[in-house]
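# Observations on chain architecture
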Amino acid sequence: MKTRMLLALAAVFAAIPAMADRDLTDRNVEIRDTVIAAAPDAPRICEYDAGALDSVPYLLEHARLAEPWAYKALGDCYRYGNGGLEKSLANAMCYYVAAGIDIKDLIGQTAKENPDDELVRFYTTLTKVMKYVDSGATDSIPAYLDGANLPDRPWTRTLREYSRLDLRADSSERLLSLVDENPDGEQFLVVFGLKAFMYPKEKEFRPLDKTLLFARKVPLMYNFAGTEYLRDFRDSGSKENLLMAIDCLRKADEAGLLDTDTFDRLQSAAKEAGVDLTEYFPEDDLKRLRHLKARHDEELERELSEEGVSIRMIDN
């Protein structure tokens, strides 16, 4: 059975596997075969046959087609700060999972080769802190952090501030207040992960203003913000909420991280409200997203049919 710690971490990455297409299309095979993947011991952006390519827009173009090699390359770029991107371990993990990479396996393998790798330190430190919380041993957290020889980063400072909170008296609002005025993705991941873990009865991605700040650093979060706005639209019928959902999900798509099921819910809501999505998405993008949704459903149907289950049975 999963621990609450794993469920809290899973909440942050829940949207990724649904839209990650593990299979390369025939058209992608030739491109894939020309890719030189970035090696952990010599991090660099992927290169291609036709000379050096360090174009993040090119990689995003192919990520928007759900091509795993593009997700992997973007993950490497964020992990090492290549291609003109600001280094972001949170974004690296998002794109790695989208590529079909098991983060736990990646961390385990990397730790064997380089236990001081920053991604390893981030992941293992956060999970260790959550284990202390789960076991009720929060008094052990300060000593653990002091002895861990952690780098001075916003996320490590946030964990230290968290360890000084009075967990009996403080609230989720107090926890969210630990986020800096100009936070990075890792700091948000720490705070939202701890919030989901410590306050399981609260909605994970409320208040929305914090989730939107998170999304500006980690575009995957636009899926969650968009989903919340769609819920608000269903509850209130307010077109303003629908327009906010459209804006969020368009930004998720720009990063190649729009969840196909969330897009499908957006289409249904827009139809219900009489909103023409072509006013907000180029027609080619809508065709691409509908194709990806259909491809995802076909793959899911094949997987479920092998287990004697149908999508229709799940919907009911």
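Because the structure is predicted, anything quoted here is derived from the model rather than measured. (Residues numbered from 1 in each chain as written. Predicted model: local features only at pLDDT ≥ 70, side-chain atom pairs only at ≥ 80, totals over all residues. Heavy atoms only, no water.)

## Topic: the overall build of the protein chain
- When its secondary structure is counted, the protein chain shows 18 helices and zero strands.
- With 316 residues in all, the protein chain has 50% of them scored as buried.
- Excluding contacts between residues fewer than 6 apart, the proportion of contacts in the protein chain whose partners are at least 24 apart in sequence is 57%. (Helix = DSSP H or I, 4+ residues; strand = E, 2+ residues; numbered from the N terminus. Buried < 20%, exposed > 50% of the residue type's maximum accessible area, 1.4 Å probe, protein only. Contact = heavy atoms within 4.5 Å.)

## Looking at unusual backbone geometry
- Along the chain, Arg 206 connects to Pro 207 via a cis peptide bond; the corresponding omega equals 0 degrees.
- Mapped onto the elements of the fold, Pro 207 is located in the loop between helix 12 (185–198) and helix 13 (208–217).
- Unlike most non-glycine residues, Ala 66 shows phi in positive territory, near 60 degrees.
- With respect to the secondary-structure elements, Ala 66 resides in the loop between helix 4 (56–63) and helix 5 (68–80).
- Of note in the backbone geometry, Asn 149 takes a positive phi value of approximately 50 degrees without being a glycine.

## Observations regarding empty space enclosed by the protein
- Counted by the stated rule, this structure contains one cavity of 30 Å³ or more.
- The computed volume of the largest cavity comes to approximately 70 Å³.
- Along the walls of the largest cavity sit 13 residues, with Arg 64, Tyr 71, Gly 256, Leu 258 and Leu 292 positioned nearest its centre.
- Top element by residues in the lining of the largest cavity is helix 17 (residues 283–305). It accounts for three residues.
- Looking at the lining of the largest cavity residue by residue, the class counts come to eight nonpolar, two polar and three charged. (1 Å grid on protein atoms, 1.4 Å probe; cavity = no way out; pocket = protein on both sides within 12 Å on 5 of 7 lines; lining within 4 Å. Points joined across faces, edges and corners; volume = space filled by probe spheres on them. Nonpolar A, V, L, I, M, F, W, Y, C, P; charged D, E, K, R; others polar.)

## Quick look at the pattern of salt bridges
- With the rule as written, the count across this model stands at 21 salt bridges.
- Here Arg 288 makes a salt bridge to Asp 253, at a shortest N to O gap of 2.7 Å. A residue pair is termed long-range when its members are at least 10 positions apart, and Arg 288 in helix 17 and Asp 253 in helix 15 (residues 239–254) qualify at 35 residues.
- A single network of salt bridges, built from pairs that share partners, joins Arg 64, Asp 253, Asp 285 and Arg 288. (Salt bridge = Lys/Arg side-chain N within 4 Å of Asp/Glu carboxyl O.)

## Quick notes on helix 15
- With 16 residues, helix 15 ought to run about 22 Å at 1.5 Å a step, and its terminal C-alpha atoms sit 23 Å apart, in line with that.
- Turning to helix 15, its buried residues are Asn 241, Leu 242, Ala 245, Ile 246, Cys 248, Leu 249, Ala 252 and Asp 253.
- Of the residues trailing helix 15, Gly 256 is marked for its positive phi of about 75 degrees. (Expected span 1.5 Å × (residues − 1).)

## Points about the packing of helix 6 (residues 89–98) against helix 12
- Between helix 6 and helix 12, the least distance of the axes is 6 Å, while the angle of their chain directions is 75 degrees. The orientation of helix 6 relative to helix 12 falls into the category roughly perpendicular. For the pair helix 6 and helix 12, contact is made by Leu 89, Ala 90 and Met 93 and by Gly 185, Glu 186 and Leu 189, respectively.
- Residue composition of the contact of helix 6 with helix 12, by class: four nonpolar, one polar and one charged. (Axes fitted to C-alpha atoms, helices over the stretch in contact; angles between N-to-C directions. Parallel < 35°, antiparallel > 145°, perpendicular 65-115°, else oblique.)

## As for the side chain of Gln 187
- The residue Gln 187 is located in helix 12 in this model.
- Every residue in contact with Gln 187, bar those within four places of it in the chain, is listed here: Pro 154, Trp 155, Thr 158, Leu 178, Val 179 and Asp 180.

## Quick notes on the packing of aromatic side chains
- Scanning the model with the defined rule gives nine aromatic pairs in all.
- Aromatic side chains Tyr 71 and Tyr 95 sit 6.4 Å apart centroid to centroid with 35 degrees between the ring planes, which places their arrangement in the tilted category. In this pair, Tyr 71 sits in helix 5 while Tyr 95 sits in helix 6, placing the two residues 24 residues apart along the sequence. The same class applies to Tyr 71 and to Tyr 95, which are both buried.
- Here a set of aromatic residues connected by ring pairs shows up, and it is made of Phe 188, Phe 192, Phe 205, Phe 214 and Phe 224. (Phe/Tyr/Trp six-rings, centres within 6.5 Å; stacked < 30°, edge-to-face > 60°.)

## Here we look at helix 16 (residues 260–273)
- If you check helix 16, its first and last C-alpha atoms are 20 Å apart, about what 14 residues at 1.5 Å a residue would give, namely 20 Å.
- Along helix 16, the residues that are buried comprise Thr 260, Thr 262, Phe 263, Leu 266, Gln 267, Ala 269 and Ala 270.
- A positive backbone phi angle near 70 degrees is found at Gly 274, which sits one or two residues after helix 16.

## Observations regarding the packing of helix 5 against helix 6
- Between helix 5 and helix 6, the least distance of the axes is 8 Å, while the angle of their chain directions is 165 degrees. In terms of their interaxial angle, helix 5 and helix 6 are classed as roughly antiparallel. For the crossing formed where helix 5 meets helix 6, the hand is left-handed. Contact residues: Tyr 71, Lys 72, Leu 74, Gly 75, Asp 76, Tyr 78 and Arg 79 in helix 5; Leu 89, Asn 91, Ala 92, Tyr 95, Tyr 96 and Ala 98 in helix 6.
- Partitioning the contact of helix 5 with helix 6 into residue classes produces eight nonpolar, two polar and three charged. (Left-handed = near helix turned anticlockwise from the far one by under 90°.)

## Brief notes about the confidence of the model for the protein chain
- Averaged over all residues, the pLDDT of the protein chain equals 80, while 79% of them reach at least 70.
- Ranking the elements of the protein chain by mean pLDDT puts helix 3 (residues 26–33) last, at 36, and helix 15 first, at 97.
- Counted against residues more than four places away or in other chains, residues 1–9, with its pLDDT under 50, gives 15 contacts.
- Across residues 14–53, where pLDDT falls below 50, the model places 78 contacts with residues more than four positions away in sequence or in other chains. (pLDDT = per-residue confidence, 0-100.)

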